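Fold and geometry: a report
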Amino acid sequence: MIRLYVRSTLASGALIEASEGQAHYLGGVMRRSVGDIVHLFNGADGEWTCRIATLARGKGVFAVEALVRPQAEEPGPWLAFAVLKRDTTDLLVQKATELGVAVLLPVFTERTNAGRLSLNRLQAIATEAAEQCERLTVPEIRPVRQLNDILPDWPSSRALHVALARVNGQLLGPSEGPAGLLIGPEGGFGPRDHAVLDRCHFVRAVSLGPRILRAETAAIVGLALLQAARCG
Ligand code: SAH
């Protein structure tokens, strides 16, 4: 079943315009045509069966029919991560979405050496991953900020697990309440990063095992451990 994310309100009888990309995907790639059924979700109204009412030359309209899954809370962990190279950041965003992350916070750290970040592109990757993995929500991706600047706004009830390589610390495990994870850049955190993190009472240093993982592997492992511990 094809699942697509839309911004419009979903309700029985509503007519919803497909984006150009969706129309191309349905007609050109998936060879769907008028009368076929797709599922639509918008992060608020649940998932609906919809019939393709029109589809031609990059345009299409969906007619909303029936609710198949009511909207449910999807309370995932928050993932803060030092911006990586483009392809690696893309991979991280896709995997984080599959692993249920609710909010992604790209950050610049002392040793981040990555340039600009296209939020639209990352949001498109997250949307596609949410469609594929049957989420009812698409994670929010915040604009990139300095690590120093996200900490004052961090909700203090959400424990921030900072993944530290080479410290022989406690393996990331169960914790009470909502959770967050912070993954450093390939060069690791620097002394200034450690200084700002040390000032936050909601920060917990955690290990992800005995080997030095690439940052994107560390994010996947950390999120899997959080999922196993069912926090966030
Ligand atoms: N160059 C650094 C390692 C950086 S790995 C060094 O040699 O020490 C990139 C990021 O992945 C780290 O900042 C950390 O957040 C995470 N990471 C990698 N392996 C880890 C491990 N075994 N435990 C916890 N975090 C890890």
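Let me sum up the structure you'll find in this document. Only a predicted model underlies this, so the values are computations on that prediction, with no experimental measurement involved.

1. Quick look at helix 6 (residues 215-228)
Note on helix geometry: an α-helix contains 3.6 residues per turn, so any two residues three or four positions apart are oriented the same way. The end-to-end C-alpha distance of helix 6, which contains 14 residues, comes to 20 Å, matching closely the 20 Å that a straight helix rising 1.5 Å per residue would cover. Along helix 6, the positions that sit buried rather than exposed are Ala215, Glu216, Ala218, Ala219, Gly222, Leu223 and Leu226. Considered in projection along helix 6, the buried side chains sweep an arc of 155° and stay on one side of the axis. At the exit of helix 6 stands Arg230, carrying a positive phi of roughly 55°.

2. Topic: the pairing of strand 6 (residues 78-82)
Among the 5 residues of strand 6, 5 are classified as buried, and the element is accordingly described as predominantly covered. The side-chain alternation of strand 6 yields two buried faces, one formed by Trp78, Ala80 and Ala82 and the other by Leu79 and Phe81. With 5 bridges joining them, strand 6 and strand 7 (residues 103-108) adopt parallel strand pairing. Each bridged residue has a counterpart across the sheet, and for Leu79 the counterpart in strand 7 is Leu104. Chirality of the crossover, the property in question, places the unit of strand 6, helix 2 (residues 86-98) and strand 7 among those that are right-handed.

3. Overview of the environment of Arg158
Inspection of the secondary structure assignment puts Arg158 in the loop between helix 4 (147-150) and strand 10 (159-163). Taking the relative accessible area as the measure of exposure, Arg158 reaches 12% and is therefore buried. For the pair Arg158 and Lys59, spaced 99 residues apart in sequence, the C-alpha to C-alpha distance is 43 Å. Setting aside residues up to four positions removed in sequence, Arg158 forms contacts with Gly76, Pro77, Trp78, Pro178, Ala179, Gly180 and Phe202. A polar contact of 2.8 Å, which involves the side chain of Arg158, links it to the backbone oxygen of Ala179.

4. Observations regarding the sheet that holds strand 2 (residues 15-17)
Ordered in space as 1-3-4-5-2, the 5 strands form an open sheet in which the pairing is mixed. Bordering the open sheet on either side are strand 1 (3-5) and strand 2, each of which pairs with just one other strand. Between one strand and the next, the sheet's axes are offset by a mean angle of 40°, whatever the strand orientation. Two elements, strand 3 (residues 37-41) and strand 4 (residues 47-56), share 5 bridges in a ladder whose sense is antiparallel. Paired with Leu40 across the strands is Trp48, a residue of strand 4. Each of strand 1 and strand 3 touches helix 3 (residues 119-132); the most contacted strand, strand 1, lies at about 145° to it.

5. Observations regarding the packing of aromatic side chains
Inspection of every chain in the model, using the stated rule, returns 2 aromatic pairs. Seen in terms of ring centroids, Tyr5 and Phe41 are 5.5 Å apart; in terms of plane orientation they differ by 65°. Their pairing is edge-to-face. You can see Tyr5 sitting in strand 1 and its partner Phe41 sitting in strand 3, a full 36 residues away along the chain. A single burial state applies to Tyr5 and to Phe41, both of which are buried. Ring centres 5.5 Å apart and planes at 75° place the aromatic pair Trp78 and Trp154 in the edge-to-face group. Note that Trp78 is positioned in strand 6 and Trp154 in the loop between helix 4 and strand 10, a separation of 76 residues in sequence. You can call Trp154 buried: its relative accessible area is 5%. Lying across the ring of Phe41, Arg3 places its NZ or CZ 4.3 Å from the centre.

Rules behind the numbers
Residue indices follow the written sequence of each chain, beginning from 1 at its first position. Note on the predicted model: pLDDT of at least 70 is required for a residue's local features to be given, and 80 or more for side-chain atom pairs to be given and counted; whole-chain, interface and lining totals, by contrast, use all residues. Excluded from the side-chain calculation are hydrogens and water; included are all heavy atoms of the structure. Counting from the N terminus, the helices are the DSSP runs of H or I reaching at least four residues and the strands are the DSSP runs of E reaching at least two. Working rule for helices: expected span equals 1.5 Å times residues minus one. Exposed residues in this analysis have more than 50% of their type's maximum accessible area, buried residues have under 20%, and partly exposed residues fall in between, with area computed by a 1.4 Å probe over protein chains only. Note that the arc is computed from the directions linking the helix axis to the C-beta atoms. In this description, strands pair whenever DSSP reports at least two bridges between them. Throughout, right-handed denotes a crossover for which the path from the first strand over the helix to the second runs clockwise when the strands point away from the viewer. Only heavy atoms enter the contact rule, under which two residues are in contact if any of them lie within 4.5 Å. In the analysis that follows, any N or O atom pair within 3.5 Å is treated as a polar contact, provided that within protein one partner can donate a hydrogen and the other can accept it, and provided that, for residues neighboring in sequence, both atoms belong to side chains. Orientation is described by axes fitted as lines to C-alpha atoms, over the contacting stretch for helices, and by angles from 0 to 180 degrees between their N-to-C directions. Pairing of aromatic side chains requires ring centres within 6.5 Å, counting the rings of Phe and Tyr and the six-membered ring of Trp. Pairs whose planes differ by under 30 degrees are stacked, by over 60 edge-to-face, and all others tilted. Geometrically, a lysine NZ or arginine CZ counts as sitting over a ring once it is within 6 Å of the ring centre and also within 35 degrees of the ring normal.

Interpretation in functional terms is not warranted from these geometric data alone.
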